Amino acid sequence: MNFFRGVMGGQAAGPQPTGAETIQKLCDRVASSTLLEDRRDAVRALKSLSKKYRMEVGTQAMDHLINILQTDRSDSEILGYALDTMYNIICNDEEEEQDETAQKQADDLGAKFTEAFIQDPEHITLLLTMLEEFDFHVRWPAVKLLTALLRNQCVQLQSIILVSPMGVSRLMDLLADSREVIRNDGLLLLQQLTKSNAAIQKIVAFENAFERLLDIITEEGSSDGGIVVEDCLLLLRNLLKNNSSNQNFFKEGSFIQRMRPWFEVGDDNSGWSAQKVTNLHLMLQLVRVMVSPVNSPGATASCQRSMYQCGLLQQLCTILMATGVPADILTETINTVSEVIRGSQINQDYFASVNAPSNPPRPAIVVLLMSMVNERQPFVLRCAVLYCFQCFLYKNQKGQGEIVATLLPSTIDANSISAGQLLCGGLFSADSLSNWCASVALAHALQDNLTQKEQLLRVQLATSLGKPPVSLLQQCTNILSQGDKISRRGSKVQTRVGLLMLLCTWINNCPIAVTHFLHNQENVPFLTAQISENLGEDERLVQGLCALLLGICIYYNDNSLENYTKEKLKQLIEKRIGKENFVEKLGFVTKHELYSRAAQKPQPVFPSPDQMLFDHEFTKLVKELEGVITKAVHKSSEDEKKEEEVKKTLEQHDNIVTQYKELIREQDSKIQELKEQVSSLTTQTEQMQATMTQQQSQIQQHKDQYNILKLKLGKENSSQASITLGDGAHVNGVQTEEATQLREEMEELRSQHALLQTQLGEKDAIINSLRSERSQPTDGDTAGSDNAELLKELELLRSQVQSQAAEIGQMKSDNADLLRRAETEVRTGLKNKKIFGVIFNQVEPLQSSSDFPSDATKTAELESRLAAQTSEVERLKEEVQGLTGGREQLEQQTASATSSAAILKAEMAKLEAELLESKKEQDDLLMLLADQDQKIQSLRKRLKDLGETVDDEDELDTRDQTDEDDEDED
């Protein structure tokens with residue numbers, strides 16, 4: 001038992017396996033296990049050891065973990081363990097505090113493992129495919145791992161993701177994830193991805209990033225939101241800063257308008273949380289990114305205009321004048337308003353109209369200047385106010401005039417505080433920072449504005465009781481030259497530098513101001529004494545600015561003062577200072593460290609008040625004047641004489657040039673007159689063309705009316721013809737039914753006529769046969785006389801029928817054809833009746849006669865036929881009576897048609913008169929068009945003579961051809 005106990009105790013007391021050995025066993029288990037559960041347990045164990053044994057796990061297990069990601073894609077649990085393990089060995093964030101050496105070693109270790117992982121770009125592609133997994137335990141670790149990789153090796157990973165198919169799109173899908181943890185970590189991932197990479201920034205922007213981020217900010221409560229709003233704002237800043245393409249896309253997408261609700265601050269501004277201050281600070285920075293002075297002028301101006309139109313500038317001014325706003329937010333708001341109004345006239349005008357909510361109301365500019373010259377205000381706030389004032393006056397001559405006007409005697413109001421009074425108060429204050437800020441602000445009121453420089457010479461100051469007032473220029477030079485009397489102001493470098501910058505800006509390019517400055521006998525000796533002394537390092541800057549001021553007096557000297565002409569000032573420099581020494585002292589300005597810092601950007605940003613020496617606009621002035629002043633000082637008297645000779649020669653040439661200028665002016669005036677004539681002729685031509693177009697439209701209307709009249713007349717003629725011919729048309733009360741009835745009656749009369757013709761032919765045959773039989777008896781004379789009498793009676797009857805037919809023909813007017821046919825049939829029936837009556841009378845004695853015994857059968861047959869004809873004749877009589885009634889009805893209809901025809905003739909005569917009048921108007925229009933064509937041809941000829949380009953006359957030819965066609969149609 002003791003043996004076993006010793007053995008067992010020896011085993012228990014033996015050496016334990018190290019962390020490296022345990023990790024090695026786990027790695028072998030991951031590589032060799034065939035069961036998924038075994039591999040999963042091994043990877044879980046590696047995850048638990050990865051934080052403590054970061055180096056060992058990263059060195060031994062990296063390849064096995066990558067293999068797990070490639071082979072075990074179906075099990076989300078093992079994938080999550082593997083991703084978490086890799087994140088622990090790559091991420092440099094440590095929970096416990098470490099010293100700098102340990103932290104540096106950890107950073108180096110993370111960079112080492114990151115570099116090993118991204119050597120194969122397929123590993124990054126593998127991670128990007130993991131982002132498509134919806135499972136939380138896979139997607140979230142993949143997001144964290146990619147974020148850690150980007151922090152360690154940002155540039156290399158950006159290049160890999162940029163060329164990966166759909167790489168950026170997969171990352172953008174994280175913002176749409178419903179799980180806030182993944183969405184928020186996706187924001188951190190995109191922040192790292194978009195750092196300093198314009199190409200990825202553009203892709204992210206065009207993947208609808210702006211819309212999604214602004215929606216998230218709104219959902220989270222805008223400025224009152226939490227850390228998520230801050231992350232969204234940081235990502236927006238990455239996308240917009242120094243990226244003109246994204247800025248333009250942001251502006252054109254109307255996203256600037258969606259920024260306005262961010263700055264809706266209520267009346268109760270107490271109790272601002274730290275997160276709200278951070279959020280609003282970032283929001284103000286976003287606005288400044290869109291209107292930064294480093295952007296292109298066109299893009300900045302467009303954004304400034306949009307901010308004014310959507311009310312964003314008004315909202316910022318509301319914050320600016322609100323009470324209870326934290327100091328850092330107020331300072332950043334002032335800087336933001338400064339850049340929103342910088343160089344934009346409409347925004348500057350609006351800012352000038354803003355009043356503070358005080359009693360009485362004061363302009364916002366006055367309230368801000370009060371803060372600037374108040375030494376108890378924070379330094380950054382005073383710098384922000386100075387920047388705001390500079391931006392208000394930048395390229396704003398109207399604003400410059402308003403500021404200078406508050407200093408002029410005629411506009412000073414003793415009952416109110418003006419901007420000019422505040423600037424003068426700060427200019428002569430005991431605080432050197434107030435002196436410098438007031439000097440720079442007043443210099444910006446004179447920047448590139450000759451009128452205001454001359455106006456400011458009128459300003460008079462009352463220094464003390466009993467002494468006459470002195471000019472503002474004189475007072476500034478007195479502070480510089482009489483340092484023994486006001487040493488507490490003049491001896492400070494900051495005050496003296498500020499005054500020298502103001503004087504240099506004031507007299508630059510203003511000969512009248514130079515004369516006023518030189519008129520004071522003490523100024524030039526003071527400047528030469530300051531330049532010639534050997535002083536310390538701090539005084540060298542003052543010496544350089546004094547040299548610059550004296551150089552401006554030489555360069556812009558109009559030689560109006562005999563004692564201080566250009567030549568005498570240069571001789572004074574050569575004797576008292578030396579040209580080389582003067583140029584060397586002048587060069588001290590541009591070599592100063594603070595000069596280079598101020599020249600970088602317009603905003604005055606200084607770490608401390610004592611380093612606040614140079615203004616950005618003044619650095620541009622020094623750079624412009626240094627070279628020309630150096631050349632002006634080095635010029636000798638001979639060079640001056642040569643220049644004088646050249647000037648005289650130039651003056652002579654100027655006379656010639658003046659003559660040519662006058663000639664050119666005359667020619668310009670003539671050209672202007674000709675242009676006016678051309679413009680007037682062009683206007684007349686356009687008017688004539690408009691008149692022609694109008695007249696053509698009128699002609700077309702007349703043509704249309706003419707065609708309509710032709711069609712109407714044609715229809716009426718056809719209607720009249722149909723009435724006359726009985727075609728059944730409906731005209732003036734003759735209905736279609738009546739016309740149909742007339743057609744039926746006409747057809748019936750035609751059939752009856754045909755029947756009567758047939759019967760007449762039969763009767764003629766019978767009469768011929770009777771004649772032949774009559775000629776056979778012996779008593780031929782009696783028969784011949786009887787036949788003669790019968791023929792006479794027949795002729796008499798024919799004449800009577802013809803007379804009756806003539807009377808009927810006279811009664812028929814428009815229906816002649818129809819009535820003629822009817823009367824013909826009637827006449828035929830009456831003739832048959834007479835003939836048959838005579839034949840019957842002659843045949844009776846013949847039938848009783850014994851001379852024709854053989855014809856008894858024929859006589860009987862003849863009698864039967866005659867009886868039939870008699871009944872037929874009776875029937876014809878009745879029909880004739882009916883026709884007579886129909887004739888009377890037709891006569892009435894004919895009379896009605898005659899009256900209708902008369903009315904139609906009257907209307908047709910009226911229409912023909914209107915047609916003649918229209919033709920006459922058309923002829924007049926054609927004559928007018930011909931005259932206008934001649935005028936246009938003459939105008940075209942004049943335009944060609946004047947050198948103007950005249951279009952082809954195709955339109956005129958087309959119009960003439962159209963007129964000819966119209967005349968042919970007429």
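In this text the structure is predicted, and so the values were computed from the model without any measurement. (Residues numbered from 1 in each chain as written. Predicted model: local features only at pLDDT ≥ 70, side-chain atom pairs only at ≥ 80, totals over all residues. Heavy atoms only, no water.)

Student: Quick question: what am I supposed to make of the overall build of the chain here?
Tutor: Broken down by element type, the chain carries 41 helices and four strands. Within the chain, the fraction of its 970 residues that count as buried is 44%. Counting contacts in the chain only where the partners sit at least 6 residues apart, residues at least 24 apart contribute 71% of the total. Put simply, the chain shows about 51,200 Å² of open surface, and 51% of that area lies on carbon and sulfur atoms. (Helix = DSSP H or I, 4+ residues; strand = E, 2+ residues; numbered from the N terminus. Buried < 20%, exposed > 50% of the residue type's maximum accessible area, 1.4 Å probe, protein only. Contact = heavy atoms within 4.5 Å. Areas by Shrake-Rupley, 256 points an atom, 1.4 Å probe, with all protein chains shown as cover.)

Student: Sorry if this is basic, but what is going on with a negative patch on the surface here?
Tutor: Taken together, the side chains of Glu914, Glu917, Glu921, Asp923 and Asp924 make up a negatively charged region of the molecular surface. Looking at the element boundaries, Asp923 is found in helix α40 (residues 856-945). (Patch = residues over 30% accessible without salt bridge, like charges linked within 9 Å, V, L, I, M, F, W, Y side chains within 5 Å. Salt bridge = Lys/Arg side-chain N within 4 Å of Asp/Glu carboxyl O. Lys, Arg positive; Asp, Glu negative; His and termini not counted. Charge placed at Lys NZ, Arg CZ, Asp CG, Glu CD.)

Student: Can you help me understand the side chain of Asn335 in this one?
Tutor: Looking at where Asn335 falls in the secondary structure, it is placed in helix α18 (residues 327-341). For Asn335, the contacting residues outside a window of four places in its chain are Arg288, Ala384, Tyr387 and Gln603.

Student: Honestly, unusual backbone geometry in this entry has me stumped. Any pointers?
Tutor: With glycine set apart, most residues show a phi of negative sign, and most peptide bonds adopt trans. For the bond running from Asn359 to Pro360, omega is 0 degrees, close enough to zero to count as cis. Take Pro360: it is sitting in the loop between β1 (355-356) and β2 (362-363).

Student: Mind showing me how you'd approach the pattern of salt bridges here?
Tutor: Close approach of charged atoms allows side chains with opposite charge to pair. Under the counting rule described, the total for this entry stands at 23 salt bridges. Put simply, Arg258 and Glu211 hold a salt bridge, and the shortest N to O gap is 3.1 Å. With Arg258 in the loop between α14 (244-252) and α15 (274-290) and Glu211 in helix α12 (residues 198-219), this residue pair connects regions lying 47 residues apart in the sequence. The salt bridge involving Arg258 is made with Asp215; its shortest N-O contact spans 2.8 Å. Of this pair, Arg258 sits in the loop between α14 and α15 while Asp215 sits in helix α12, and the two are 43 residues apart along the sequence. One continuous salt-bridge network, built from bridges that share partners, spans Arg40, Asp41, Arg44, Asp75 and Glu77.

Student: Would you take a moment to explain a nonpolar patch on the surface for this structure?
Tutor: A surface patch of nonpolar side chains, amounting to about 380 Å² of accessible area, comprises Ile656, Tyr660, Leu663 and Ile664. Looking at the element boundaries, Ile656 is found in helix α36 (residues 637-725). On the basis of relative accessibility, which here comes to 41%, the residue Ile656 falls in the partly exposed class.

Student: Would you mind showing me how to read the side chain of Arg139 here?
Tutor: By secondary structure assignment, the location of Arg139 is in helix α8 (residues 136-152). Among all residues touching Arg139, those that are not within four sequence positions of it are Met130, Leu131, Glu133, Phe134, Asp173, Leu174, Asp177, Arg179 and Ile182.

Student: Can you walk me through the environment of Leu36 in this structure?
Tutor: Here Leu36 shows up in helix α3 (residues 36-49). Taking relative accessible area as the criterion, Leu36 reaches 24% and is therefore assigned partly exposed. Separated by 36 residues in sequence, Leu36 and Asp72 have C-alpha atoms that sit 8.4 Å apart. Leave out the neighbours within four places in its chain, and Leu36 touches Asp72, Asp75 and Ile78.

Student: Would you mind going over the packing of aromatic side chains with me for this structure?
Tutor: As enumerated under the stated definition, the model contains eleven aromatic pairs in all. Note on Tyr308 and Tyr350: the rings are 6.0 Å apart at their centroids and 65 degrees apart in plane angle, and the pair reads as edge-to-face. With Tyr308 in helix α16 (residues 297-309) and Tyr350 in helix α19 (residues 345-353), this residue pair connects regions lying 42 residues apart in the sequence. Since its relative accessible area comes to 21%, Tyr350 is described here as partly exposed. One aromatic cluster in this structure is built from Phe206, Phe210, Phe249, Phe250 and Phe255. The ring centre of Trp140 lies 4.0 Å from the NZ or CZ of Lys144, which sits over that ring. Over the aromatic face of Tyr394 sits the side chain of Arg342, whose NZ or CZ is 3.9 Å from the ring centroid. (Phe/Tyr/Trp six-rings, centres within 6.5 Å; stacked < 30°, edge-to-face > 60°. Lys NZ or Arg CZ within 6 Å of the ring centre and 35° of its normal.)

Student: Please clarify how the nonpolar core should be interpreted in this entry.
Tutor: For soluble globular proteins, nonpolar side chains are generally found buried alongside one another. Core analysis: the largest hydrophobic core is formed by 208 residues, its most contacted members being Leu171, Trp262, Phe263, Phe351 and Phe614. Here this core takes twelve residues from helix α21 (residues 379-393), the largest share from any one element. Contacts of Trp262, omitting those with residues within four sequence positions, involve Leu214, Ile217, Ser222, Ser223, Leu233, Leu236, Leu280, Met283 and Leu286. (Core = buried A, V, L, I, M, F, W, Y, C linked by side-chain atoms within 4.5 Å.)

Student: Explanation requested: the confidence of the model for the chain in the structure shown.
Tutor: Predicted coordinates in regions of low pLDDT should not be interpreted in detail. When pLDDT is averaged across the chain, the result is 79; 73% of the residues are at 70 or more. Residue range residues 829-856 is modelled with pLDDT below 50. Its contacts to residues more than four positions away, or to other chains, number 32 contacts. (pLDDT = per-residue confidence, 0-100.)

Student: I keep staring at the packing of α12 against α14 and nothing clicks. Help me out?
Tutor: Angle between the axes and distance between the axes are the two parameters that describe a pair of packed helices. Between α12 and α14, whose axes approach to 10 Å, the crossing angle comes to 35 degrees. Both α12 and α14 take part in a crossing whose hand is right-handed. Here α12 contributes Gln201, Lys202, Ala205, Phe206, Phe210 and Leu214 to the contact with α14, which in turn contributes Ser245, Asn246, Phe249 and Phe250. Tallied by class, residues from the contact of α12 with α14 come to six nonpolar, three polar and one charged. (Axes fitted to C-alpha atoms, helices over the stretch in contact; angles between N-to-C directions. Left-handed = near helix turned anticlockwise from the far one by under 90°. Nonpolar A, V, L, I, M, F, W, Y, C, P; charged D, E, K, R; others polar.)

Student: Please clarify how the state of the cysteines should be interpreted in this entry.
Tutor: Here a disulfide denotes a covalent bond joining the sulfur atom of one cysteine to the sulfur atom of another. Taken as a whole and judged by the stated rule, the model has zero disulfides. In this structure Cys317 is not part of a disulfide, and its nearest cysteine sulfur, from Cys388, lies 8.3 Å away. Judged by its relative accessible area of 3%, Cys317 falls in the buried class. (Disulfide = S-S within 2.5 Å.)

Student: Could you clarify how one ought to interpret the packing of α21 against helix α22 (residues 397-405) in this entry?
Tutor: Orientation of α21 relative to α22, taken along the N-to-C sense of each, is 120 degrees, at an axis distance of 7 Å. Classified by the angle between their axes, α21 and α22 sit oblique to one another. Contacts between α21 and α22 pair Phe389, Phe392 and Leu393 from the former with Gly399, Gln400 and Ile403 from the latter. Residues that form the contact of α21 with α22 fall into these classes: four nonpolar, two polar and no charged. (Parallel < 35°, antiparallel > 145°, perpendicular 65-115°, else oblique.)

Student: Help me out: how do you make sense of the environment of Asp610 in this one?
Tutor: Within the secondary structure, Asp610 sits in the loop between α34 (593-598) and α35 (616-634). On the accessibility criterion, Asp610 (57% relative accessible area) is exposed. Counting along the chain gives 178 residues from Asp610 to Ser432, while the straight-line C-alpha distance between them is 9.3 Å. Engagement of the side chain of Asp610 in a polar contact is seen with the side chain of Ser608, the distance being 2.3 Å. (Polar contact = N/O pair within 3.5 Å; in protein donor to acceptor, adjacent residues only side chain to side chain.)

Student: How do you make sense of the environment of Glu539 when you look at a structure like this?
Tutor: The residue Glu539 is located in helix α31 (residues 537-555) in this model. In sequence terms Glu539 and Val497 are 42 residues apart; their C-alpha atoms lie 9.9 Å from each other. Each residue touching Glu539, except ones within four places of it in the same chain, is listed here: Val493 and Arg496.

Student: What am I meant to see in α35 here?
Tutor: Owing to its 3.6 residues per turn, the α-helix brings residues three or four apart onto one side. With 19 residues, α35 extends 28 Å from end C-alpha to end C-alpha; this agrees with the ideal 27 Å at 1.5 Å per step. The largest bend in α35 is about 35 degrees, located at Leu625. Where α35 is concerned, the buried positions are His616, Glu617, Phe618, Thr619, Leu621, Val622, Leu625, Ile629, Ala632 and Val633. N-cap assignment for α35: the residue whose side-chain oxygen lies 3.3 Å from the backbone N of Glu617 is Asp615. (Expected span 1.5 Å × (residues − 1). Bend = angle between axes of the 7 residues up to and from the residue.)

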